[in-house]
Amino acid sequence: MRIPGDIGIPATENLQLYLSQATLPLMRIPRTAPKLPPPGHRSHNMGLTTRPERYRRLHSMKGLGVNMETEVPKCMHSSEVVPNHPLKEGDLDSETGNAILIPCNPTFDIPQPRTTPPTDLDSFAYWIEHLPLQTTERVTHLVHPQSRHWSFVPQNGDMDDVHFKYYAWELAPCIPSTSGRKTTAIVMAMPPWTLTPPICTASLHARRQECKLANPETGRTQLNDDQRLWGKLYDICIARDSPYFVVTNYYGWLFGVFSKGWSIGLVGEVQAYAGHTPTIIEHLLYWLSSSMNEPGTYHRPEVGSECVLPSEECPCVVYDIMAKNPRAALALYLLD
């Protein structure tokens, strides 16, 4: 058994250097996993049941308007934001059990993760939860001590739970919010045999054109894969008044935000899991910091003359709560 410290140093000795070097390990897909489509082809098994809805105000996807490859390092490489000196705390949080888990040898002494190749949604989710999300959560607590009551919380109850996992960056229920929000960001994760690279690319292309979601009032009642994905994400985010989001299949990471009026979605370039200019962990830390309105980060825009409604006026229809409480949904439907 290797003794900690016999190869390198803890990440907390120089967190800034660690974040700039730590890349996600390769996730190999075994033969026993669902078959991936041929290169250049899309998956035909996304499985999302998103429908056209009158309340959904999202009508287009656009670019963030900033160069993330420039803005993220500018923020992350500032010693005023991410320390480059030894911290008093270690990689492991003894209270929560969370730790910095992404290996970065030989400079840093972090053991190789105990992961197995994913064969289903749950084993895929283990990679997401125990590598990028847990590491980002620990790093965020170290960089922003005031965020210690925030954490990634797995969500459930959606009608399409069997097809994807999603996590909310949430404030502990017992702690009052100073901003009025209990959730500031959503991470939506779908395995690569469901959310294939062409879908990520198509989602990226959507920001260069009008990507209207079908609406019963316009006579357009069919949604394509991209529209179902954006519609599902929109519904999840607006229900929690959580505008910042991340979409990933582990190999690609897409960072975005909905405008203040919830009519425009803004997304950046798809980031590769092994990218290092900046790394995925730097991206995640920057995006969580942005969602919490930390200085020097990306601020949610108000686009054009869109109507900005109070957060408590998020729309809801009977269909939305069907998966949560079918009896209550039926009772609402039968009301005059």
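Counting of residues starts from 1 at the beginning of each chain's written sequence and follows it residue by residue. Selection of residues for local features in this predicted model requires a pLDDT of at least 70, selection of side-chain atom pairs for listing and counting requires 80 or more, and totals for whole chains, interfaces and linings are taken over all residues. As a rule here, side-chain values cover all heavy atoms of the structure and leave hydrogens and water aside.

1. Notes on the overall build of the protein chain
Threshold: In this text, helices come from DSSP runs of H or I with a minimum length of four residues, and strands from runs of E with a minimum of two, each type numbered from the N-terminal end. For every residue, the accessible area (1.4 Å probe, protein chains only) is compared with the maximum for its type, and the residue is labelled buried under 20%, exposed over 50%, or partly exposed between those bounds.
Along the protein chain, the regular secondary structure elements total 7 helices and 8 strands. Out of the 336 residues belonging to the protein chain, those deemed buried represent 49%.

2. Focus: the pattern of salt bridges
Where we set the bar: In what follows, salt bridge is the name for a side-chain nitrogen of Lys or Arg lying within 4 Å of a carboxyl oxygen of Asp or Glu.
Under the counting rule described, the total for this entry stands at 12 salt bridges. The partner of Glu71 in a salt bridge is Lys74, with the nearest N and O atoms 3.3 Å apart. Taken together, the residues span about one helical turn, with Glu71 and Lys74 both in helix H2 (residues 68-76) at a distance of 3 residues. One salt bridge connects Arg148 with Glu89, and the closest N-O pair in it is separated by 2.3 Å. Of this pair, Arg148 sits in the loop between helix H3 (121-143) and strand S2 (150-154) while Glu89 sits in the loop between H2 and H3, placing them 59 residues apart in sequence. Through salt bridges that share partners, Glu89, Asp93, Arg138 and Arg148 make up one connected network.

3. What to know about the packing of aromatic side chains
To describe a pair of aromatic rings, one takes the distance between the centres and the angle between the planes. Cut-off, in case you're wondering: The rule is short: rings of Phe, Tyr and Trp, with Trp giving its six-membered ring, pair when the centres are within 6.5 Å, and they are stacked under 30 degrees, edge-to-face over 60, tilted in between.
Applying the stated criterion across every chain yields a total of 17 aromatic pairs. Among the aromatic residues, ring-to-ring pairing joins Trp230, Tyr234, Phe245, Phe258 and Trp262 into one connected group.

4. With respect to helix H5 (residues 225-239)
Quick note on the threshold: To estimate how far a helix should reach, multiply one less than its number of residues by 1.5 Å.
With 15 residues, H5 should reach 21 Å at 1.5 Å per residue; the first-to-last C-alpha distance of 21 Å fits that figure. In terms of burial, H5 is largely enclosed, as 13 of its 15 residues are buried. Remark: Asp241 follows H5 within two positions and exhibits a positive phi of approximately 50°.

5. Observations regarding the nonpolar core
This is how the line gets drawn: Put simply, buried Ala, Val, Leu, Ile, Met, Phe, Trp, Tyr and Cys residues joined by side-chain atoms within 4.5 Å make one nonpolar core. Contacts were defined at the residue level, with two residues in contact if any of their heavy atoms lie within 4.5 Å.
Judged by nonpolar contacts, the single largest core of 56 residues is most densely connected at Leu15, Tyr18, Tyr250, Trp253 and Trp287. When residues of this core are assigned to their parent elements, the largest contribution, 10 residues, is made by H3. Every residue in contact with Trp287, bar those within four places of it in the chain, is listed here: Leu64, Met68, Tyr244, Phe245, Val246, Phe255, Gly256, Val257 and Tyr298.

6. Quick word on the pairing of strand S6 (residues 252-258)
In plain terms, the rule: DSSP-based pairing: two strands are paired if at least 2 bridges between them are found.
Within S6, 7 of the 7 residues are buried, leaving the element largely enclosed by the surrounding structure. Alternating positions in S6 separate into two faces, Gly252, Leu254, Gly256 and Phe258 on one and Trp253, Phe255 and Val257 on the other, with burial throughout. In terms of strand pairing, strand S5 (residues 244-248) meets S6 through 5 bridges, oriented antiparallel. Pairing of Val246 across the sheet is with Phe255, part of S6. In sequence, S5 turns back onto S6 through a hairpin of 3 residues, with Tyr250 there showing a positive phi of about 80°. Bridge analysis of S6 against strand S8 (residues 271-272) gives 2 bridges, and the strand direction is antiparallel. Paired with Gly252 across the strands is Ala272, a residue of S8. The sheet contact formed by S6 and strand S7 (residues 264-267) spans 3 bridges and is antiparallel.

7. Points about the packing of H2 against helix H6 (residues 280-291)
To keep it simple, the criterion reads: To define axes, lines are fitted to C-alpha atoms, for helices over the stretch in contact only, and angles between the resulting N-to-C directions are given on a 0 to 180 degree scale. Orientation categories follow fixed angle ranges, with anything under 35 degrees roughly parallel, anything over 145 roughly antiparallel, 65 to 115 roughly perpendicular, and all other angles oblique. Polar here means any residue outside two lists: the nonpolar Ala, Val, Leu, Ile, Met, Phe, Trp, Tyr, Cys and Pro, and the charged Asp, Glu, Lys and Arg; Gly therefore counts as polar.
Here H2 crosses H6 at 80°, and the two axes come no closer than 10 Å. When the axis of H2 is compared with that of H6, the two are roughly perpendicular. On the side of H2, the interface is formed by Met68, Glu71, Val72, Cys75 and Met76, while H6 contributes Glu282, His283, Leu285, Tyr286 and Trp287. Across the contact of H2 with H6, the residue classes break down as 7 nonpolar, 1 polar and 2 charged.

8. Points about the environment of Met190
If you trace the backbone, Met190 turns up in the loop between strand S4 (183-189) and helix H4 (197-206). Judged by relative accessible area, Met190 falls into the buried class, the value being 0%. C-alpha of Met190 to C-alpha of Ile128: the two residues are 62 residues apart in sequence and 9.8 Å apart in space. If we skip the residues at most four places from it in the chain, Met190 touches Met46, Leu48, Phe124, His163, Phe164, Leu195, Leu229, Thr248 and Asn249.

9. Some remarks on the confidence of the model for the protein chain
Applied cut-off: For every residue, the pLDDT score states the predictor's confidence, bounded by 0 at the bottom and 100 at the top.
In this model, the protein chain carries a mean pLDDT of 84, and residues with pLDDT of at least 70 account for 79%. Ignoring residues within four places in sequence, the model shows residues 1-5, a span with pLDDT below 50, making 7 contacts including any to other chains. Contacts from residues 207-211, a stretch scored under 50 in pLDDT, to residues over four places away or in other chains number 17 contacts.

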